[in-house]
Amino acid sequence: MAALKITKMALNSVLALMSERWDVFVPSPSPAPGGPSGFRLFEPRPMPAPGKPGPSERDSSVNRQTCDEDTLWNGTGQGGQKGRDRENHLPEERLPQFLRRVLTVKPLKELFFPRSEPILGYCVDGAFGGNGDGTGVSVFMPEGVLPGKPRVVFGARPCDAASLTVLDRVFADEAYPDDFYISRRKNTIIVGLGCNVPAPTCFCPATGGDPFGTAGLDVLAYDLPALDGDGSSQGHYLMKAVTREGEALLGFLSEAHLGEGPSESDERACMALEERARKAIAAGLPADTQSLGRVLGGIFNHPYWATLHEKCLGCAACTYLCPTCHCFDISEEPDPGASRSGGESPKGGPERPRLTGVRVRNWDSCMFPIFTLHTSGHNPRPTGLERVRQRVMHKFYYFPENFGAVACVGCGRCVKYCPVNLDIREVISHIAALGGTGVAESISA
Amino acid sequence: MSAQSPSALTKTLREFCAGLLDEGRVDVVVGFGRGTLPLRSTPVFARNPDDASRLIFDATCENNLSVFVPKLKDKRIAVVAKGCDSRWLNQYILERQTEGERLYVIGVRCQGVIDRKKLDAYLGSRRLLEGRLEEIRGQGECGEGLEGEGAGGTGGVEGAGGVKGAEGVEGARPGPGVSVSDGHIKWHLEGNDAEGRPWAASLDFEDLLSDSCKVCVKKGPVYADVVIGENGETVKGNGETAKGPEREPSFDDVKEVEGASIEERWKAFRSEVSKCIRCYACRQACPGCYCKECFVDRSAPRWIGGSDDETDTMVFHLMRAMHLAGRCVDCGACVRACPMGVDLGLLNRKLQKDGWVLFHHIAGFEREGKPLFGTFLPDDPNDFIL
Ligand code: SF4
Ligand code: SF4
Ligand code: SF4
Ligand code: SF4
Ligand code: SF4
């Protein structure tokens, strides 16, 4: 099945059906007021008993009523606790509405390279073998580390999907394959959602992306607005398969009669959406990033860095939220389940864990002062200058040199969430301008 | 703010700072400039008179600029300071992190700053392409806000300079800035929606106001070498620091939580910190977090783990708040910096309340003496010791 059109009202039924075979992840309403925070497991509602109003009828009334953004906001702003709870527990009916917010706060990488991930468990009290005499150390793979049930992500933006092709170069590298990442990549089907109206912070085309780009996707969905007389109150999703896995997914849905094939006018509507989005995003783009490396190679010692870093606070908002940032740190942690209850461990592990630990891989950030701190006390990147330079160099010079792609997909998260508005688009344009003045050549010469 | 547009302030600010730099009285002015997105500002470091033309001041100036002081190597530093920024400058001197002579405080009277997360919550799937503050001129109502300040438009400025009326101003009325909450200033927003259709809206100033600004006890600087007023006038400071807040601190939000059962509070705390990704933007944005090595980064001994384990995250939040006890000025910079919407304000304010109720202490009003936690008196309240 190459393409399938569903009504937005049927989205819940579609996701519920998928949930029977896959763990389905969708962008989640924010823990804070202000947009989805990350991806969460979709929890299907119980289907109504026969004779009761069907899901689509029920949904339509809810959707019409919550379509207005102000309704969503009422009682959620003002920073009130109650308001937050409300957003937190938005009913699934509102999902199509939420999907129109452009990006989650936390990037898609979290589903493949989580914030913290146990990679090894151990027990030092002789249990589970050890030395065989009640002493010694046993090492095991924590349970639940390698995903069991295959997954579907619905509603990832094209930039987030493209970021996986960047991460693949690191974690699915032939020389150093990362089993944890690869196993998750292999068992996940990604249904993307094209960006009808890119956000003011979006700049994917400057990194080789596109608001309707298909890199990293198995299916690309188009959000078709409701048209007079098309019988939908909310419009449709038109899903087009990109890979064979995507085709199989659409086939599965169409077997359940959950949609229909697209018409010619639907195809025209898709083209129109693509054109409009490209035109809109073209207005505010920084310089193209794909040739920045040429300039960056020559400006390692340029005074630009000294002025650039000055306002940077040195947090990890820009790197933790970046879909392509992939630095990690490995730490040894006590198994929290074991230490608390002496019983079963939530992070996986044996039934009788005592004196057990987990080795955990955590996100790390080159913006932290201790990132490159040596045991000796020496730090090759002692100040913000070296650290901000590293972030820019890595994304636009070292990574392209090593892997043949820029390590930025133009999602704009770092632009939006940097507490001091250190805008990477400005940095890109400044650097391009330095190249234009020939400063790069003169310095490297 | 009540009579003229904020650009009068900005204009004077630019001229004044250009003069300061031109005369070589300071080496750098740390201020705010226009950001790259609607309703965003960005810190600016002006080192020559031309740079000063980038400076602005308005309700988008959300960072606490004093955070940069310990990092700067310049000999003499001017800081554009709201009330809360100026309180941290005082605190730095009190904590011996810098000398008073090194600082030149350019005080600005602040009406409160924006919380971008509230804006995002309002926008939902709409895109914001333009935003500005609009003054809705009333007939006569403006006078209300000025009452008790004595001298009309400049009254707030004199008070803010640290002499007259800086302390105990007319109960809960924080001065001219208050007129904004009477509906005289609105946020004007424009953009397009998820289907590309244009929209425009006008929101009350309070709707997007940072929570900490709603309970601010000192909107003008506690100490200033010069104060630039809302109408662009400059008033020289007299080298004294304000004696105390201009209104009684209110802790209604804390009291509400204190009324809940211990289970409810525990649940609320857990759910709040569960959003945290430990990016430490809160720590980095706080002027008080200047430790060379934060306890979370220490490896020998290792105080807390580095994963997203719930217990570790809770320990981080409790320790961070405790390390700011008696020092936090409730500027809200940490809350605004957090990308995940963790409300650090409540813990901060609980500790402020304890400081106020038990010791009648509120941070940032002293340049000399000892910090709250640096003093011990035999008759200090000690009921909490079991
Ligand atoms: S560097 Fe910024 S814009 Fe680029 S991918 Fe990362 S977060 Fe997105
Ligand atoms: S950066 Fe591009 S792909 Fe990503 S959300 Fe914006 S328009 Fe969509
Ligand atoms: S650029 Fe911004 S988000 Fe990144 S470390 Fe600096 S202050 Fe934090
Ligand atoms: S803890 Fe937060 S509110 Fe208190 S001084 Fe630091 S940044 Fe300001
Ligand atoms: S800024 Fe927010 S998410 Fe980051 S460490 Fe602080 S509370 Fe956690």
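Residues numbered from 1 in each chain as written. Chains lettered and ligands numbered in written order. Predicted model: local features only at pLDDT ≥ 70, side-chain atom pairs only at ≥ 80, totals over all residues. Heavy atoms only, no water.

**Observations regarding the overall build of chain A**
Secondary structure summary: chain A contains 17 helices and 11 strands in total. A sequence separation of at least 24 residues applies to 75% of the contacts in chain A between residues at least 6 apart. When the accessible surface of chain A is split by element, carbon and sulfur atoms take 54% of a total near 18300 Å². (Helix = DSSP H or I, 4+ residues; strand = E, 2+ residues; numbered from the N terminus. Contact = heavy atoms within 4.5 Å. Areas by Shrake-Rupley, 256 points an atom, 1.4 Å probe, with all protein chains shown as cover.)

**Brief notes about the nonpolar core**
The biggest cluster of nonpolar side chains holds 164 residues, and the ones touching the most others in it are Trp305(A), Ile431(A), Val29(B), Ile106(B) and Trp187(B). When residues in this core are grouped by element, the largest group, 6 residues, is from helix α1 (residues 7–22) of chain B. Leaving out residues up to four positions away in the same chain, Ile106(B) has contacts with Leu13(B), Cys17(B), Leu20(B), Val29(B), Ala78(B), Val79(B), Val80(B), Ala81(B), Val226(B) and Ile228(B). Judged by nonpolar contacts, the second largest core, of 28 residues, contains Trp22(A), Val152(A), Phe154(A) and Phe252(A). (Core = buried A, V, L, I, M, F, W, Y, C linked by side-chain atoms within 4.5 Å. Buried < 20%, exposed > 50% of the residue type's maximum accessible area, 1.4 Å probe, protein only.)

**Considering the site of ligand 4**
In the neighbourhood of ligand 4, the contacting residues comprise Trp88(B), Cys286(B), Arg320(B), Leu324(B), Cys328(B), Val329(B), Asp330(B), Cys331(B), Gly332(B), Ala333(B), Cys334(B) and Asn348(B). For the shell around ligand 4, the class distribution of residues is 8 nonpolar, 2 polar and 2 charged. (Near = heavy atom within 4 Å. Nonpolar A, V, L, I, M, F, W, Y, C, P; charged D, E, K, R; others polar.)

**Examining the interface of chain A and chain B**
One frequent convention defines the size of an interface as the accessible area lost when the parts assemble. Across the boundary between the two partners, chain A contributes 59 residues, which contact 60 residues of chain B. Applying the counting criterion to the chain A and chain B interface returns 4 salt bridges. Between Arg100(A) and Glu195(B) there is a salt bridge, with its nearest N and O atoms 2.6 Å apart. Applying the counting criterion to the chain A and chain B interface returns 23 residue pairs in polar contact (both at pLDDT 80 or more). Of all elements in the fold, only α3 (69–73), α4 (81–88), α12 (317–320), β10 (328–334), α13 (336–341), β11 (356–363), α15 (413–417) and α16 (424–436) of chain A reach the threshold of two or more residues within the side of chain A that touches chain B. Of the residues assigned to the side of chain A that touches chain B, the class counts are 27 nonpolar, 13 polar and 19 charged. (Salt bridge = Lys/Arg side-chain N within 4 Å of Asp/Glu carboxyl O. Polar contact = N/O pair within 3.5 Å; in protein donor to acceptor, adjacent residues only side chain to side chain.)

**Some words on the confidence of the model for chain B**
Residue and element names in this part refer to chain B. Per-residue pLDDT for chain B has a mean of 85; in total, 86% of the residues score no lower than 70. Note on residues 139–183: pLDDT under 50 across the span, and 81 contacts to partners over four residues away in sequence or across chains. Interface confidence for the predicted complex, given as ipTM, is 0.87, next to a pTM of 0.87. (pLDDT = per-residue confidence, 0-100.)

**A short note on the packing of aromatic side chains**
Under the definition given, this model contains 24 aromatic pairs over all chains. When the ring of Phe399(A) is compared with that of Phe403(A), the centres are 4.5 Å apart and the planes differ by 35°; the resulting orientation is tilted. Of the two residues, Phe399(A) and Phe403(A) are both situated in helix α14 (residues 384–403); the distance of 4 residues between them amounts to about one turn of the helix. Exposure remark for Phe399(A): the relative accessible area of 0% places this residue in the buried category. What links up through ring pairs into an aromatic cluster is the set Phe112(A), Phe113(A), Phe171(A), Tyr181(A), Tyr320(A), Phe328(A), Trp363(A), Phe368(A), Tyr280(B) and Phe316(B). Directly above the aromatic system of Phe328(A) lies the positively charged group of Arg361(A), at a separation of 4.8 Å from the ring centroid. Cation over ring: Arg367(B) sits above Tyr223(B), and NZ or CZ is 3.5 Å from the ring centre. (Phe/Tyr/Trp six-rings, centres within 6.5 Å; stacked < 30°, edge-to-face > 60°. Lys NZ or Arg CZ within 6 Å of the ring centre and 35° of its normal.)

**Comments concerning unusual backbone geometry**
All names here are of chain B. The omega torsion of the bond from Ala300 to Pro301 falls at 0°, within 30 degrees of zero and hence cis. With respect to the helices and strands, the residue Pro301 is situated in the loop between α9 (281–285) and α10 (310–323). Despite not being glycine, Arg96 shows a phi value in the positive range, around 60°. Within the fold, Arg96 resides in the loop between α2 (83–94) and β5 (103–108).

**Topic: the sheet that holds strand β6 (residues 151–156) of chain A**
All names here are of chain A. Spatially, β1-β9-β8-β7-β6-β2-β3 is the arrangement adopted by the 7 strands of the open sheet, whose pairing is mixed. Only two strands of the sheet have a single neighbouring strand rather than two, namely β1 (3–7) and β3 (38–41). For this sheet, the mean angle separating the axes of adjacent strands, direction not counted, is 25°. Two elements, strand β2 (residues 23–28) and β3, share 4 bridges in a ladder whose sense is antiparallel. Following the sheet pairing, Ser28 is matched in β3 by Gly38. (Pairing = 2+ DSSP bridges. Axes fitted to C-alpha atoms, helices over the stretch in contact; angles between N-to-C directions.)

**As for the site of ligand 1**
If you check the shell around ligand 1, you find Phe203(A), Cys322(A), Pro323(A), Lys395(A), Cys408(A), Val409(A), Gly410(A), Cys411(A), Gly412(A), Arg413(A) and Cys414(A) and nothing else. Residues of the shell around ligand 1, tallied by class, amount to 7 nonpolar, 2 polar and 2 charged.

**A closer look at the side chain of Asp297(B)**
In this structure, Asp297(B) sits in the loop between α9 and α10. In contact with Asp297(B), other than residues within four places in its own chain, are Ile370(A) and Arg283(B).

**Focus on the environment of Phe371(A)**
Residue and element names in this part refer to chain A. For Phe371, the position within the fold is in the loop between β11 and α14. Residue Phe371 is classed as partly exposed on the basis of its relative accessible area, which comes to 24%. Counting along the chain gives 44 residues from Phe371 to Cys327, while the straight-line C-alpha distance between them is 9.7 Å. Not counting residues within four places of it along the chain, the set of residues in contact with Phe371 comprises Cys327, Asp364, Ser365, Cys366 and Arg381.

**Quick word on helix α8 (residues 244–255) of chain A**
Residue and element names in this part refer to chain A. With 12 residues, α8 extends 16 Å between its outermost C-alpha atoms, agreeing within 8% with the 16 Å of an ideal straight helix rising 1.5 Å per residue. All of the buried residues in α8 are Gly246, Leu249, Leu250, Gly251, Phe252 and Leu253. Buried residues in α8 make contact with β1, α1 (11–21), β6, β7 (188–193), β8 (219–224) and β9 (236–241). In the segment just after α8, His257 is the residue with positive phi, at about 55°. (Expected span 1.5 Å × (residues − 1).)

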